[in-house]
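What the coordinates show
Listed below, chain by chain, are the residues.
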Amino acid sequence: MRKKSLFWLSAFSFLFLLSCGQVKEVSGGDTSRRDSIVKASPKDVILEKEISDALEYLSSDELQGRETGTDGIEKAAQFIESVFEEHDLKPFFGTYRDSFEVKGRTGYNLVGMVEGTDPVLKNEFIIVGAHYDHVGRQKPVGGDDIANGANDNASGTTAVLELAKYFSARAPKRSVLFTLFSAEEMGLVGAKELAKELKSEGLDLYTMFNIEMIGVPMTGKEYKAYITGYDISNMAEKLNEYSGQPVLGFLPEAKQYSLFQRSDNYPFFQEFNVPAQTISTFDFTNYKYYHHVDDEFEKMDVTHMKDLIEAILPGLVGMANTPGKEIKLN
Ligand SMILES: [Zn+2]
């Protein structure tokens, strides 16, 4: 079901703009400026046990590798909906589900919204996303044929859910859509559908922040995760500035293998021409089980995931609260 809700939101915001005038620019030193836009204290809310439980369920054999159109991914979808419901996220469409057809199957993106608190900025959107589908059953290895996709991408899905929980309790000025995509593994199909749909509804998209394969840490880097399309925008630089530490950096292999074009951020870049990028900690040396039946929960470093989610949080809070759109394409 796809309800055309944005027209009314836009119409309302236009009227509001007419009556309210401009918001004030924040200025001043870096630290005070950061304090004024970043009020994250993630240590209180990001719980390692919740990360572990969600990740373990999403990558369990019960979900059969979460292939689009199967009973297994249906269970994942219901789990995501239950988290959205429990934390009072608004369904962006008539329901949390945004459905599409792909190769004779029905896929569902899940879209939950935290509405911004600022009467004007709430009409600007940030998308925080990850794909939750995987490749289902594969060639058996040692009697196991379920590709559990713990790193790819139960880890990113879990991170998006944790961020949704955080923001649902502390809504920022801009609105945030938490989106879990299906059919990524079939060619970014879910993200393409949603990007087109949101574009046709006139969504004012500020940025898109996508999360892929963050279950295993990198070693020997001075940053915690790399961002794809590093030099396409100043997103990494600004998020690091809001965080007050080098959380996101440049990985040469990401450029070499064109990772910017290979995940769900890309359709949003194409449709909206705004900063839309993916972060990851899979660096081609730290995990042997990409699209392998051994990509399992037991191989995930949950403590690292918690540290990373906490580290990216102040950057996202900053992005969602600055008076102006500071993150721009280069
Ligand atoms: Zn993936």
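Now for a quick tour of the structure. Bear in mind that the values here come from a model prediction, so they are computed numbers and not experimental data. (Residues numbered from 1 in each chain as written. Predicted model: local features only at pLDDT ≥ 70, side-chain atom pairs only at ≥ 80, totals over all residues. Heavy atoms only, no water.)

1. What about the pairing of strand β5 (residues 137-141)?
Both β5 and strand β6 (residues 144-146) contribute to a ladder of two bridges, which runs antiparallel. Among the inter-strand pairings, R137 is bridged to a residue of β6, identified as I146. Linking two consecutive strands that pair antiparallel, namely β5 and β6, is a turn of two residues; a positive phi of about 55° is found at G142 within it. (Pairing = 2+ DSSP bridges. Helix = DSSP H or I, 4+ residues; strand = E, 2+ residues; numbered from the N terminus.)

2. Concerning the pairing of strand β4 (residues 124-131)
Of all eight residues that make up β4, eight are buried, and the element is covered over most of its length. Every second residue of β4 is oriented toward a common face, with E124, I126, V128 and A130 on one face and F125, I127, G129 and H131 on the other, all of them buried. Note that β4 and strand β8 (residues 204-211) share six bridges and pair parallel. Its bridge partner lying in β8, G129 is registered against N210. By the bridge criterion, seven bridges tie β4 to strand β7 (residues 175-181) in an arrangement that is parallel. Bridging from a neighbouring strand, I127 pairs with L177 of β7. (Buried < 20%, exposed > 50% of the residue type's maximum accessible area, 1.4 Å probe, protein only.)

3. A few points about the coordination of the zinc ion
Bound to the zinc ion are the protein donor atoms H131 (NE2), D152 (OD), E212 (OE) and E212 (OE), situated 2.0 to 2.7 Å from the metal. Counting along the primary sequence, the residues that act as donors to the zinc ion give the motif H-x20-D-x59-E. Of the two residues, D152 is situated in helix α5 (residues 150-169) and E212 in the loop between β8 and β9 (225-227); the sequence distance between them amounts to 60 residues. In terms of burial, D152 and E212 fall into one category: buried. (Donors = N, O, S within 2.8 Å, 3.2 Å for Na, K, Ca; no water.)

4. Some words on helix α10 (residues 302-319)
When the terminal C-alpha atoms of α10 are compared, their 26 Å separation across 18 residues agrees well with the 26 Å that a helix rising 1.5 Å per residue should span. For α10, the principal kink sits at L313 and spans about 25°; a proline, P314, occurs within the next four residues. Counting buried positions along α10 yields 16 of 18 residues, so the element is predominantly enclosed. With a side-chain oxygen lying 3.3 Å from the backbone nitrogen of T303, the N-terminal cap of α10 falls on D301. (Expected span 1.5 Å × (residues − 1). Bend = angle between axes of the 7 residues up to and from the residue. Polar contact = N/O pair within 3.5 Å; in protein donor to acceptor, adjacent residues only side chain to side chain.)

5. Observations regarding the pattern of salt bridges
Once the charged atoms of two side chains with opposite charge are near each other, the side chains can pair. What the rule picks out here adds up to 17 salt bridges. Of the charged contacts, one joins E81 and R97 as a salt bridge, the two residues approaching to 3.0 Å between their closest N and O atoms. On the criterion of sequence distance, the pair formed by E81 in helix α4 (residues 71-86) and R97 in strand β2 (residues 97-102) is long-range, its members being 16 residues apart. Look at E81 and you get buried, because its relative accessible area is 16%. Residue class for R97 comes out buried when judged on its relative accessible area of 13%. (Salt bridge = Lys/Arg side-chain N within 4 Å of Asp/Glu carboxyl O.)

6. With respect to the nonpolar core
Soluble globular proteins: nonpolar side chains tend toward being buried together. Grouped together as the largest cluster of nonpolar side chains are 63 residues, with contacts concentrated most on F84, F178 and F209. Tallying contributions element by element places α10 first for this core, with 10 residues. By size, the runner-up hydrophobic cluster in this structure holds 22 residues, among which are F93, I127, F181 and L194. (Core = buried A, V, L, I, M, F, W, Y, C linked by side-chain atoms within 4.5 Å.)

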